[in-house]
Amino acid sequence: MLNSSIIRKTPTDLRVRPNLNDYDLQRRMFGWDEAARALEGLPGGGLNIAWEAVDRHASGPLRDKTAFRFLGADSASRDISFAELSRLTNRFANVLRRLGVRKGERLFLLAGRMPELYVALLGGLKSGAVVSPLFSAFGPEPIITRVNLGGCKVLLTTDLLYRRKVSQWRERMPSLELVLLVGEDGGRTDIPGTFDLATLMDEADDACDIERTSPEDMALLHFTSGTTGMPKGAIHVHAAAVTHHATGRYALDLHPDDIYWCTADPGWVTGTSYGVIAPLLHGVTSIIDREEFDAERWYGILQQQEVSVWYTAPTAIRMLMKAGDGLAAKYRFPRLRFVASVGEPLNPEAVWWGKKVLGLPIHDNWWQTETGGIMIANTPAFDIKPGSMGRPLPGVDAFIVRRNEATGEITVVAEPDVEGELALRSGWPSMFRGYLDNEARYRKCFVGDLYLTGDLVRRDADGYFWFIGRVDDIIKSAGHLIGPFEVESALMEHPGVAEAGVIGTPDPVVGERVKAFVSLRQGYDDSEALRTELLAHARKRLGAAVAPKEIAFLAALPRTRSGKIMRRLLKARELGLPEGDVSTLEGGASS
Ligand code: AMP
């Protein structure tokens, strides 16, 4: 059986000496204070992620090394060296200052993977602004929600996205004062109420005094979805760079001459922590593909760019598997030495497929927006149990806990192979410092010094962790965390919808598909035409990544006596599973 076999590592599997090679010893010796010494700190005191990632290298031997290589639709590429990245990010920080943006004010980014996005992210950090990257695939509703929750003052976007997703809703975003535009066609922009970024960059100075941020100053705001309410803004501080550095070293095994490709978009925390910060901290060259997934294109990039370390996601792996092994056989990957994946369960078949087709197994790892960095991982030197997320990294103490719903008390489970919630001992530097304006929700994540992750897992006798599911109703589709409440709210805006309940249904490629159940108001019929209209409505409001793919009509949705829609029951019925405890169901045990 695939599931139970182990991929054994031998020294011949390793082309370079792995950074993590003695698991027990290195875990024992590791301390976050010591790890922090890998960063230099700002000259004169303080810590700023952008200085550590860029300027530290820009004034040393790596100054002319390529930091980012951007690949476009044609074969054109644009290389940006550490020195150029330093100049461009200085200019961007000066642009923000000239516009009156002060330390701690919020800069939101809404753009495809173009150089300006990366320059703005790092330049924003230099200026002391708090940066929040959004998915460019979001529709207007998720954008408005996040801009308002985060008190966004400046938005960087493109002329196209501005016209489609922002301009007509600006009065619904009262905090938004400044909009900086990049021309999608590479040209200048001229839209009333906005600034042309290229013009401002031309006028800005090359030199800049980086804001003297402290390790605990807020640096990044990453929104994550909730089950019962609107998204939560997870606060991350400049000290997070310590974790990004340590995990880049141990979980991604970065070495100075690697060519590294993280396929994640910076609109997702992985694309920021590991698509921008971690590789730069290590002075490593990153490939950034501006295009969307295409199997041939991706194999071509791995081959032509001589990628050595590749960090991707299970959905992408499964899409490559679907494209067939024959396609992969046309390519060669002699430089590829380590492949890792994150974000959703990685099925054992996908791990083995990597070994067969790429010549390397896929190394699953686990973390989440709140942890800010990789916590549990399979790493190059150690055996893989396909289907397992691996073991806790140095500096990470992970536990299985059981919660007593009545008292709120938790017990730590010591025995192996018992299912429970994954908990982590607080104290690593990239841990979120709060949910913006939601102290109560933040407090609920902790019992004593344990942070409760919301994921159900088990740990086997060898210390490997296995993902089982979420404790809540949050949906994971193609790596995106989707809050059912946000989708339900958008559906409810349609005049025909009386109530909506949204669940994830299993999908062999994207993990889960978003499915909505709606009941209709009087005067509306459950016709195919209305179904199509509702799907289009949701897509327009939410964007394709978040909108439901399927809608079913029900006469009424199951609710608890207190009025909450029982998504768990919708799901059980959809999947033909036992309905579980229905004692709180409104109107009795069946409906
Ligand atoms: P996000 O905050 O969007 O990065 O999503 C984090 C969530 O994705 C986790 O809490 C898990 O539910 C899921 N997740 C992340 N990595 C893995 C993994 N390796 N295996 C299974 N689920 C994962």
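Residues numbered from 1 in each chain as written. Predicted model: local features only at pLDDT ≥ 70, side-chain atom pairs only at ≥ 80, totals over all residues. Heavy atoms only, no water.

**Some points on the domain arrangement of the protein**
Defined as follows: Start and end positions for the domains come from either an automated domain assignment or a database one. For this analysis, residues touch if any pair of their heavy atoms sits within 4.5 Å. The term buried area refers to how much accessible surface (probe radius 1.4 Å) is lost by two components on association, counted for both of them together. Salt-bridge detection follows one rule: a side-chain nitrogen of Lys or Arg within 4 Å of a carboxyl oxygen of Asp or Glu.
Domain assignment breaks the protein into domain 1 (10-20 + 39-459) and domain 2 (474-557). For domain 1 versus domain 2, the separation of C-alpha centres amounts to 28 Å. Each side of the interface is counted separately: domain 1 has 25 residues, and domain 2 has 24 residues. Ranking the residues of domain 1 by area buried against domain 2 places Glu-141, Ser-225 and Thr-227 at the top, with a combined share of 26%. Connecting domain 1 to domain 2 are two salt bridges. The partner of Glu-141 in a salt bridge is Arg-541, with the nearest N and O atoms 2.7 Å apart.

**Some points on the site of the ligand**
The line we're drawing: Whether a residue is near a molecule or strand is decided by its heavy atoms; if any one of them lies within 4 Å of it, the residue is near. Under the rule applied, a polar contact is a pair of N or O atoms within 3.5 Å (in protein, one hydrogen donor and one hydrogen acceptor; residues adjacent in sequence only if both atoms are side-chain atoms). A run of H or I in DSSP becomes a helix once it reaches four residues, and a run of E becomes a strand once it reaches two; helices and strands are each numbered from the N terminus. Each residue is assigned to one of three groups, with Ala, Val, Leu, Ile, Met, Phe, Trp, Tyr, Cys and Pro labelled nonpolar, Asp, Glu, Lys and Arg labelled charged, and all others, Gly among them, labelled polar.
Near the ligand there are 18 residues, and of these Asp-364, Asn-365, Gln-368, Thr-369 and Asp-455 occur at the shortest range. Contact distances for the ligand include 3.2 Å between a nitrogen atom and a backbone N or O atom of Gly-343. With respect to the ligand, the side chain of Asp-455 contributes an N or O atom lying 2.9 Å from an oxygen atom. Looking at the shell around the ligand, the elements with two or more residues in it are β14 (362-366) and β22 (465-470). Tallying contributions element by element places β14 first for the shell around the ligand, with three residues. Considering only residue class, the shell around the ligand consists of nine nonpolar, four polar and five charged.

**Focus: the nonpolar core**
The condition is simple: Here the nonpolar core consists of buried residues drawn from Ala, Val, Leu, Ile, Met, Phe, Trp, Tyr and Cys, with membership extended through side-chain atoms lying within 4.5 Å. Exposure classes here rest on a 1.4 Å probe applied to the protein chains alone. A residue is buried below 20% of its type maximum, exposed above 50%, and partly exposed in between.
Of all hydrophobic cores here, the largest spans 145 residues; its most connected members are Phe-92, Leu-280 and Tyr-311. Residue assignment places this core across two domains, with domain 1 (10-20 + 39-459) and domain 2 (474-557) each supplying three or more. Phe-92 has contacts with Leu-107, Val-119, Ala-120, Gly-123, Gly-124, Leu-156, Leu-180, Leu-197 and Met-201, leaving out every residue within four places of it along the chain. Formed by 30 residues, the second largest nonpolar core is a distinct cluster that contains Ile-259, Trp-310, Phe-333 and Ile-362.

**Side note on the layout of surface pockets**
Over the atoms, a rolled probe matching the size of one water molecule traces out where space is still vacant. Selection criterion: Residues are said to line a cavity or pocket when one of their atoms sits within 4 Å of a point; the points come from a 1 Å grid over protein atoms alone, cavities being sets where a 1.4 Å probe fits but cannot get out and pockets being open sets with protein on both sides within 12 Å along at least five of seven lines. Grid points are joined across faces, edges and corners, and a volume is the space filled by probe spheres set on the points.
Its boundaries defined by the atoms lining it, the second largest pocket holds a volume of some 1200 Å³. Lining the second largest pocket are 46 residues, and of these Arg-113, Phe-135, Glu-292, Phe-293 and His-480 lie nearest its centre. Every element with two or more residues in the lining of the second largest pocket is listed here: α7 (159-166), β10 (259-262), β11 (285-289), β12 (309-312), α12 (314-322), β24 (480-482) and β26 (511-520). The class makeup of the residues in the lining of the second largest pocket is 25 nonpolar, nine polar and 12 charged.

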